[in-house]
Structures are given as C-alpha cells and as structure tokens.
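If you want the building blocks of each chain, they are given just below.
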Amino acid sequence: MKQKCALLSALVLVMVFVSLGAAFAAEKKIVVGFAQIGAESDWRVANTKSIQDACAAAGIELRFVDGQQKQENQIKALRDFITQGVDVIGFSPVVESGWDEVIEEINDAGIPLILSDRTTDIEGTDYYATWMGSNFIDEGEKAGNWLAGYLERQGRGKDEINIVELQGTVGSGPALDRKKGFENIIAKHSNLKITQSQTGDFTRDLGRTVMESFLKKGEKIDVLYAHNDDMALGAIQAIKEAGLKPGKDIIIVGVDAVKGAFEAIAAGEMNCTVECSPLLGPQFVDAVKKLVAGETLPKITYSVEYVYDETNAKEELPKRQY
Ligand code: AHR
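Bear in mind that the values here come from a model prediction, so they are computed numbers and not experimental data.

Quick notes on the nonpolar core
Thought 1: Within the largest apolar cluster, 50 residues are counted, with the highest numbers of intra-cluster contacts made by Ile163, Met211 and Met270.
Thought 2: Top element by residues in this core is helix H8 (residues 229-241). It accounts for seven residues.
Thought 3: Discounting chain neighbours no more than four positions away, the residues touching Met270 are Asp229, Ala232, Leu233, Ile236, Gly247, Ile252, Gly254, Ala261, Ala264 and Ile265.
Thought 4: Among the nonpolar cores identified, the runner-up in size contains 23 residues, and Leu78, Val86, Phe91 and Ile103 belong to it.

Considering the site of the ligand
Thought 1: Surrounding the ligand, one finds Glu40, Ser41, Trp43, Arg44, Asp117, Arg118, Phe136, Pro174, Arg178, Phe202, Asn228 and Asp256.
Thought 2: Here Ser41 contributes a side-chain N or O atom positioned 3.0 Å from an oxygen atom of the ligand.
Thought 3: The contact in question runs from an oxygen atom of the ligand to an N or O atom on the side chain of Arg178, over 2.8 Å.
Thought 4: Coverage of the ligand by the protein amounts to 100% of the 280 Å² it exposes when considered alone.

Examining the sheet that holds strand E5 (residues 130-133)
Thought 1: The strand order across the open sheet built from six strands is E2-E1-E3-E4-E5-E11, with neighbouring strands paired in parallel fashion. Both outer strands of the open sheet, strand E2 (61-66) and strand E11 (300-302), are each paired with one neighbouring strand and no more. Between one strand axis and the next, the sheet turns by 15° as a mean value, whatever way the strands run.
Thought 2: Relative to E11, E5 runs parallel, the two sharing three bridges. By the bridge assignment, Trp131 is partnered in E11 with Ile300.
Thought 3: Packed on one face of the sheet, helix H2 (residues 42-57) meets strand E1 (31-36), E2 and strand E4 (113-116) and runs near 160° to E2.

Cut-offs used in this document
Residues numbered from 1 in each chain as written. Predicted model: local features only at pLDDT ≥ 70, side-chain atom pairs only at ≥ 80, totals over all residues. Heavy atoms only, no water. Core = buried A, V, L, I, M, F, W, Y, C linked by side-chain atoms within 4.5 Å. Buried < 20%, exposed > 50% of the residue type's maximum accessible area, 1.4 Å probe, protein only. Helix = DSSP H or I, 4+ residues; strand = E, 2+ residues; numbered from the N terminus. Contact = heavy atoms within 4.5 Å. Near = heavy atom within 4 Å. Polar contact = N/O pair within 3.5 Å; in protein donor to acceptor, adjacent residues only side chain to side chain. Areas by Shrake-Rupley, 256 points an atom, 1.4 Å probe, with all protein chains shown as cover. Pairing = 2+ DSSP bridges. Axes fitted to C-alpha atoms, helices over the stretch in contact; angles between N-to-C directions.

So yeah, pure geometry; function would need other evidence.
What follows is the structure, given as structure tokens:
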C-alpha cells in the first residue's frame with residue numbers, strides 16, 4: 001500500500017512539473033537581439049521605430065543596441081547577444097566587410113541570423129536565415145533613369161551635364177550599390193558626367209559641409225545626386241546659402257523618400273526621391289516567429305518601392321509616416 005501511495009505521489013509530481021513546464025514554455029517570451037547601425041538619418045530613426053513597435057506589439061523582448069555607426073560597437077553587441085543566448089539575432093551591418101569572425105561565432109552558437117536592410121560581403125547565403133531590404137543597385141538605376149528622362153523633358157537631353165555626387169558611408173552596401181546603379185545608367189549618356197564625388201556619411205550635417213566644398217570650387221554644377229535624402233536636404237541649405245535656387249539652378253535627386261524630401265519637392269527645392277522603405281518591423285517580426293517555429297525562410301525579400309517627383313509627391317506627402 002505504502003509503495004502504491006509513493007508511486008501515485010511521484011506520478012502526481014511528474015504531472016505537475018510537466019504542466020508547469022508547458023505553461024512556462026507557452027509564456028516564455030521570444031528574446032531578440034538587434035544590432036542597429038545608428039541614428040544617422042531620418043530613414044534610420046524610422047527603421048528603428050518600426051522594429052521596436054512591431055516587437056512590442058508582438059510581445060517579443062527586444063534587446064536593441066545602437067552601434068553609433070561604428071563597426072566595433074556592432075561586433076560587441078553581436079558577441080553580447082551570443083553570450084546572452086538570445087533566440088534570434090537581427091543585424092544591419094554598417095559596412096559590408098569585416099564580419100567573418102563574429103558571424104562564424106553566431107553560426108557556431110546556432111542562433112538564427114536575420115539581415116535587415118544591409119548585407120555583408122561574405123560569400124554565399126548559408127550564414128544567414130533571411131535578408132529583407134531594398135535592391136540598392138536598382139535604386140541607383142532608378143535615380144539615373146529619372147534624371148535622363150527629366151533632362152529630356154526639359155529639352156536638355158543633349159546638353160553637357162555636370163553631376164556632383166554625395167556618397168553614403170564608405171564601404172556600405174547602399175553607397176557602393178547606389179553609385180554602381182547610377183553609373184550603369186549615366187554610362188549610356190555620354191553628356192552626363194560625375195565631376196565631383198565625396199562621402200557625406202548619410203548625414204545631413206556632412207551633406208551640407210561637402211556641398212559647400214563642391215560649390216566653393218566654382219565649377220558648373222547642374223545636378224546633385226545624393227545617396228540619401230538627409231544629405232540632399234543638408235546640401236539644399238548650402239545651395240541656398242550660396243545664393244542659388246535648389247531644384248531650379250541645380251537639379252536635386254535623393255534616395256529614401258522621407259517626409260523632408262516630399263516637403264522639399266512640394267516647395268520646388270528638390271526634384272526627385274527614390275523610395276527605400278525603412279518600415280521593415282512587421283516583416284522582421286514575422287520572420288522571427290517563423291524561425292523560432294523552425295521554418296525555413298526565403299533568402300531575400302525585396303521591398304516594393306516607387307519614385308517620387310513633382311508629379312506625385314504632393315499627393316503622397318500626407319500619407320508619409322516618416
Ligand atoms: O541602408 C539604408 C540607408 O541607410 C538609407 O538610405 C540611409 O538614409 C540610411 O542611413
């Protein structure tokens with residue numbers, strides 16, 4: 001009898017533990033580490049908010065680190081996430097190279113890696129679970145095509161056109177690819193030439209400073225191609241201070257399609273912005289949940305994006321969230 005009782009109590013105990021374990025598992029929050037680049041642009045701020053809001057709405061615990069545009073800060077954050085044993089790592093690499101070691105450590109730890117927005121130059125696609133973002137070469141090509149079409153419509157299709165270029169962060173995917181895409185198109189038009197090109201690190205302040213130095217050279221400038229809108233908006237200030245009319249004396253083409261660019265287009269001070277959507281949060285959360293559930297995801301998901309100019313920017317402006 002005594003033996004029977006002991007057996008029964010042991011069985012009850014096991015059942016209690018099993019149901020407690022199940023309840024705990026059901027309630028266990030998914031923990032995600034996200035190594036963000038920084039807060040260098042309106043785009044980035046909107047991207048961070050999108051990820052934070054989507055994780056909060058889904059009840060995901062987000063450990064978010066702002067790398068302040070420094071690779072070493074991002075590497076440290078990634079290593080900390082490994083030590084903490086997070087369920088999934090989200091990562092937007094500030095530059096393309098120099099990640100081999102830390103990514104090998106993430107892979108060795110068996111933590112699924114989501115690349116958000118930017119990628120690395122590591123060979124192959126095995127090292128990450130999925131990547132979501134924009135096709136930066138396509139964005140550069142859209143900018144080049146828009147410019148060629150606009151000049152044609154202005155009756156300047158055969159004129160010698162001098163273009164100054166504000167590049168993004170040196171060594172970053174969007175800077176390399178937006179340059180490449182734009183050059184692919186202007187190579188088809190012998191009258192379009194990049195006469196000055198320098199990095200503005202994707203920031204408004206540097207966009208302004210570098211544009212000042214371009215203008216000081218005193219050379220003819222017909223077009224500014226900026227790898228993001230923040231640099232274009234900074235440059236607009238410099239152009240005004242130089243006594244010129246942005247959008248008229250100098251054609252301005254940016255990338256991102258942030259609110260400030262729509263306002264500048266509506267005011268006639270900017271001519272075109274190529275969209276690059278920062279609103280990756282919902283897609284990111286969906287990927288996190290699927291990875292935790294053991295699903296396999298597509299290696300690339302590109303955002304669907306448009307080009308805005310004086311013909312459609314005013315209509316879009318009230319709808320812009322960022
Ligand atoms: O990687 C996306 C780019 O990074 C955006 O175009 C730019 O504004 C940001 O800082």
